[in-house]
Structure formats: C-alpha cells, structure tokens
Amino acid sequence: MKQKIVIKVCLPCDRCRTKAMELIAKADGLISVAIAGDEKLEVVGDGIDPVRLVCHLRKKLCYADILQVEEVKDKKPEDKAPKKQAQQQPVVEHPPLQSCPGNCYCHYHYHPPPPPPPMIVCEEPNGCAIM
C-alpha cells in the first residue's frame, strides 16, 4: 500500500537537512522524499512504517513528529460520466508534544570525560619497609 507521510522535523541548518534525507533514504520501500517548507518532510513509500521511521529520526537527529499519514492512490483516467466522490475521513493534525528548541546546535555536543578519581597519599613515619 502506497502511503504519504508528513513528518515535522527540526531542521535548522543544511547539515541537519542532509542527515535527515540520508536517514530516510535508507528506508525499505521508499519512493520519494521531499522537503516541504522549513520543518516538514514528505515521504512517499510502499510499506514504510511511519512510527519506526520517526523513532529512528528522533534517535539520530532530534525532535520529530508525525503530522499526517494518508494512502496514495494511482491516478486513473476519468470517465465522462460524473461519479460520486467518495467521502474521505478528515485528517486530524495533532499539535506537537514538545517544541523544537530555538538554540538547536545540531546535537553535536562535546561532553568532556569525567575527572580522574582523587588520589589519597598518606605519608606516615613508619619504619616498616614492606608497606
């Protein structure tokens, strides 16, 4: 089943856009990927799991949220006789659970290693040569 998935992703720079496109391009059954606006990605594919795709984006990039999932039907030539249009269920767009921070640094943070444990030196005037 072909489906179109619209995902909201924090894409503040070109590096984030490139990385998001590379991550999505690895999905099985992908037909096309497009950037729609500043923070939206449109993914069209056959048998793509949107939840796994968004979880993967969250793990590798930053904030990602599913905005819309709909089935894509192939276009058929229209007949001359008018037909009743099938009633489609309205797509409900949910507000995001969290907002993308304005100071997104592409999540390439440097975390310094922890300091070494303190060393205790005890100097006692002991005459023992073993210790």
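Per chain, residues are indexed from 1 in the order of the written sequence. Confidence filtering applies because this is a predicted model: local features only for residues at pLDDT of at least 70, side-chain atom pairs given and counted only at 80 or more, and all residues used for totals across whole chains, interfaces and linings. Note that the side-chain values use all heavy atoms of the structure and ignore hydrogens as well as water.

Q: Any chance you could break down the overall build of the protein chain for me, citing the residues and the numbers?
A: By definition, any uninterrupted DSSP run of H or I lasting at least four residues is a helix, any uninterrupted run of E lasting at least two residues is a strand, and each is numbered from the N terminus. Helices and strands together make up the secondary structure of the protein chain, namely two helices and four strands. Walking the protein chain from its N terminus toward its C terminus, one meets helices and strands in the order β-α-β-β-α-β. Out of the 131 residues belonging to the protein chain, those deemed buried represent 22%. Contacts between residues were defined by any pair of non-hydrogen atoms, one from each residue, lying within 4.5 Å. Taking the contacts inside the protein chain whose residues are at least 6 apart along the sequence as the reference set, 70% of them involve residues at least 24 apart. For the protein chain, the exposed area adds up to about 11000 Å²; of that, 54% sits on carbon and sulfur atoms. Relative accessibility decides the category of a residue: with a 1.4 Å probe and only protein chains considered, values under 20% of the type maximum give buried, values over 50% give exposed, and everything between is partly exposed. Under the convention used here, a 1.4 Å probe and the Shrake-Rupley method define accessible areas, while residue burial counts only the protein chains that appear.

Q: Can you tell me about the nonpolar core, naming the residues and giving the values?
A: What makes a nonpolar core is a set of buried Ala, Val, Leu, Ile, Met, Phe, Trp, Tyr and Cys residues whose side-chain atoms join them at distances within 4.5 Å. Residues Ile7, Val9, Val43 and Leu57 are the most contacted members of the largest nonpolar core, which totals 16 residues. Put simply, the parts of the chain that give this core at least two residues each are β1 (2–9), α1 (14–25), β3 (40–46) and α2 (50–60). Sorting elements by how many residues they give to this core places α1 first, with four residues.

Q: So, the sheet that holds β3: which residues are in play, and what are the values?
A: Pairing between strands is defined by DSSP: at least two bridges between the two strands are required. Sheet architecture is open: four strands sit in the order β2-β3-β1-β4, paired in antiparallel fashion. The open sheet has two edge strands, β2 (30–36) and β4 (64–71), and neither has a second partner. Strand-to-strand twist across the sheet, computed as the mean angle between neighbouring axes with direction ignored, equals 20°. Along the sheet face, α1 touches β2 and β3 and points at about 160° away from the line of β2. Every angle, taken between N-to-C directions, lies between 0 and 180 degrees, and every axis is a line fitted to C-alpha atoms, over only the stretch in contact when it is a helix. Sheet strands in contact with α2 are β1, β3 and β4, and its direction is about 155° off that of β4.

Q: Account for α2, with residues named and values stated.
A: Since one α-helical turn is 3.6 residues long, residues separated by three or four positions face the same way. Within the sequence span of α2, burial applies to Pro50, Leu53, Val54 and Leu57. In an axial view of α2, the angular spread of the buried residues amounts to 95°, which keeps them on one side of the axis. Turned more than 90 degrees from where α2 packs its buried face, Arg52 and Lys59 sit exposed. Summarising the contacts, the buried residues of α2 are in contact with β1, α1, β3 and β4. What the arc measures is the spread of directions leading from the helix axis to the C-beta atoms.

Q: Break down the pairing of β2 for me, citing the residues and quoting the values.
A: With six bridges connecting them, β2 and β3 associate as antiparallel partners. Its bridge partner being in β3, Ile35 is matched across the sheet by Leu41.

Q: Can you explain the packing of α1 against α2? Please cite residues and give values.
A: For any two helices packed against each other, the geometry comes down to the angle between their axes and how far apart the axes lie. For the pair α1 and α2, interaxial distance at closest approach is 10 Å and the crossing angle is 140°. Regarding the angle of α1 to α2, the classification is oblique. Considering the relative orientation of α1 and α2, their crossing is right-handed. Side by side, α1 and α2 meet where Lys19, Ala20, Leu23 and Ile24 of the first sit next to Leu53, His56, Leu57 and Lys60 of the second. Residue polarity follows a fixed list, in which Ala, Val, Leu, Ile, Met, Phe, Trp, Tyr, Cys and Pro are nonpolar, Asp, Glu, Lys and Arg are charged, and the others, Gly among them, are polar. Of the residues in the contact of α1 with α2, the class split is five nonpolar, one polar and two charged. To sort the angles, those under 35 degrees are grouped as roughly parallel, those over 145 as roughly antiparallel, those from 65 to 115 as roughly perpendicular, and the leftovers as oblique. Working rule for handedness: look at the near helix, and if it is turned counterclockwise from the far one by less than a right angle, call the crossing left-handed; if clockwise, right-handed.

Q: Summarise the environment of Val43; cite the residues concerned and give the values.
A: The residue Val43 is located in strand β3 in this model. Filtering out sequence-adjacent residues up to four positions away, Val43 remains in contact with Gln3, Lys4, Ile5, Ile7, Ile24, Leu30, Ser32, Ile48 and Leu53.

Q: Would you mind going over α1 in detail, with residue names and values included?
A: By definition here, a helix of n residues has an expected span of 1.5 Å times n minus one. A rise of 1.5 Å per residue sets the reference length of α1, with its 12 residues, at 16 Å; its end C-alpha atoms lie 16 Å apart and thus fit the reference within 8%. Close packing links the buried residues of α1 with β2, β3 and α2.

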